[in-house]
Amino acid sequence: QVHVVESGGGLVQPGGSLRLSCAASGSIFSINTMRWYRQAPGKQRELVAAISSGGSTNYADSVKGRFTISRDNAKNMVYLQMNSLKPEDAAVYYCNTVLRISRNGPDQRYWGQGTQVTVSS
C-alpha cells in the first residue's frame, strides 16, 4: 500500500513564500517522475511543476522564475518552494507520483489529498 501526503500549505500575503512538501511511503520499489498540480475553485487542475528521477525539471509558464521543484530520492520526497506568491497562485496543491511497487511491475500514479494555499492580504 502506498500513501502520498502533502504538507506546508497555508495563508500567505502577496509577495510571500511557502514551501510545500510531499512524502510518498509504503511498498515502493522506485519513483519516477514527481509532479505538483494545483486546482483553483471553478478551474481545471493544472500542472505546476515536474521533476524526473534524474532531476530534470519543467514548470508552467505562470510560475517560472518564482517556483522551484526539488526532490530527495532517499526520503521519497518532493518539495515545491514558492516565492513571490500572487493571489492567482491560490489553489489546492496536489502531489502526484509515478512509481513502481516492484522491479518488473507497471508504473502507477498516486495522488495526495492536497494542501490549500491561500494568498491574500
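Our subject is the structure that appears above.
Residues numbered from 1 in each chain as written. Predicted model: local features only at pLDDT ≥ 70, side-chain atom pairs only at ≥ 80, totals over all residues. Heavy atoms only, no water.

**Q** Explain the side chain of Arg-38 to me, please; I cannot follow it from the model alone.
**A** With respect to the helices, strands and loops of the structure, Arg-38 is situated in strand 4 (residues 30-39). Separated by 3.4 Å, the side chains of Arg-38 and Ser-62 make a polar contact. Within the structure, the side chain of Arg-38 is placed 2.9 Å from the side chain of Tyr-93, a separation counted as a polar contact. Arg-38 has contacts with Gln-44, Arg-45, Glu-46, Val-48, Ser-62, Val-63, Phe-67, Glu-88, Asp-89, Ala-91, Val-92 and Tyr-93, leaving out every residue within four places of it along the chain. (Helix = DSSP H or I, 4+ residues; strand = E, 2+ residues; numbered from the N terminus. Polar contact = N/O pair within 3.5 Å; in protein donor to acceptor, adjacent residues only side chain to side chain. Contact = heavy atoms within 4.5 Å.)

**Q** Can you help me understand unusual backbone geometry in this one?
**A** With glycine set apart, most residues show a phi of negative sign, and most peptide bonds adopt trans. Residues other than glycine seldom take positive phi values, yet Asn-76 does so here, at roughly 55 degrees. Positioned with a positive phi, Ser-84 is a non-glycine residue whose angle comes to about 50 degrees. Take Ser-84: it is sitting in the loop between strand 8 (77-82) and strand 9 (91-100). By relative accessible area, Ser-84 is classed as partly exposed at 40%. (Buried < 20%, exposed > 50% of the residue type's maximum accessible area, 1.4 Å probe, protein only.)

**Q** I keep staring at the state of the cysteines and nothing clicks. Help me out?
**A** Two cysteines joined by a covalent bond between their sulfur atoms form a disulfide. Taken as a whole, this structure holds 1 disulfide when the rule is applied. The partner cysteine of Cys-22 in its disulfide is Cys-95, sulfur to sulfur 2.1 Å. Looking along the S-S bond of the Cys-22-Cys-95 disulfide, the torsion reads about -80 degrees, which is the left-handed sense. Taken together, the residues Cys-22 in strand 3 (residues 18-26) and Cys-95 in strand 9 connect sequence positions 73 residues apart. (Disulfide = S-S within 2.5 Å.)

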